Amino acid sequence: AEARLPRRRATLRKTGALDDIDAAQLDSFSRNATLPFTQREATMRFGLIIRGQYPQGDDMRVRLKEDLDAAKRAEELGYDVVAKGSHYSSYPFQYIQQIPYLCQVALAAPKLRLCPGVVLLPLHSPLHVAEELGSLDVMCDGKLIFGAGIGYREVEFNAFGSSKKQSGRRFEECLTAVRRLWTE
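Let us look at the structure shown here. (Residues numbered from 1 in each chain as written. Predicted model: local features only at pLDDT ≥ 70, side-chain atom pairs only at ≥ 80, totals over all residues. Heavy atoms only, no water.)

1. Considerations on the sheet that holds strand 5 (residues 113–116)
Each strand in a sheet pairs with another by means of backbone hydrogen bonds, the pair being arranged parallel or else antiparallel.
At step 1: One open sheet holds the three strands; their spatial order is 1-3-5, and the pairing between them is parallel. Only two strands of the sheet have a single partner each, and these edge strands are strand 1 (47–49) and strand 5. This sheet shows a mean twist of 20° between the axes of neighbouring strands, independent of strand direction.
At step 2: In the sheet, strand 3 (residues 81–84) pairs with strand 5 via four bridges, with the strands oriented parallel. (Pairing = 2+ DSSP bridges. Helix = DSSP H or I, 4+ residues; strand = E, 2+ residues; numbered from the N terminus. Axes fitted to C-alpha atoms, helices over the stretch in contact; angles between N-to-C directions.)

This is the structure we're talking about:
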């Protein structure tokens, strides 16, 4: 990826996308919020996916603190987003769930956008998803990025009394309902 960055900058310079941006601005991640939208489009943004998944026997409080320290450091370095995946019945691992985890990140690194990436929609009630994520969006001052997926682990479908066969239809129904709950 590093080898491609200079070529990308050259292409952007040729198109005039960077006419008003000096080199110091181009290399600064933290300036995104102050640039006009057309200049912001030319900026690569960085995110960090933190799993929150630990081996059996690890002290989850210690590991959570390490993850929160990583989020703080990402914020200091100018990263834009922290994402957290979702799994259930994660044996042999210990797993902290998305929403409480991202609430902690919101407190530890308030400048970061938060992405529950991905919420396994076919496994959940759309009302619950809309309410939980709506609350998280308020808590992080509107910096939530909603990521949704179908899922793929049979153990998760079984645990929620669902099946992979139903997941596509269920995903679309839930996504439609979440959108309506947020907009109507």
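2. Observations regarding the packing of helix 6 (residues 126–139) against helix 8 (residues 164–183)
At step 1: Following both chains from N to C, one finds helix 6 and helix 8 inclined at 50°, their axes separated by 9 Å at the closest point. Taken together, the axis directions place helix 6 and helix 8 in an arrangement best described as oblique. You can see that helix 6 and helix 8 cross each other, and the crossing is right-handed. Where helix 6 abuts helix 8, its residues Pro126, Leu127, Val129, Ala130, Leu133 and Gly134 lie against Arg170, Cys174, Ala177, Val178, Leu181 and Trp182. (Parallel < 35°, antiparallel > 145°, perpendicular 65-115°, else oblique. Left-handed = near helix turned anticlockwise from the far one by under 90°. Contact = heavy atoms within 4.5 Å.)

3. A short note on the environment of Arg45
At step 1: Counting through the fold element by element, Arg45 comes out in the loop between helix 3 (37–40) and strand 1.
At step 2: C-alpha separation for the pair Arg45 and Val81, spaced 36 residues apart in sequence, amounts to 8.5 Å.

4. Description of the environment of Glu66
At step 1: Mapped onto the secondary structure, Glu66 falls in helix 4 (residues 60–76).
At step 2: Given a relative accessible area of 42%, Glu66 falls into the partly exposed group.
At step 3: Considering only alpha carbons, one finds Glu66 and Gly52, 14 residues apart in sequence, at a separation of 9.9 Å. (Buried < 20%, exposed > 50% of the residue type's maximum accessible area, 1.4 Å probe, protein only.)

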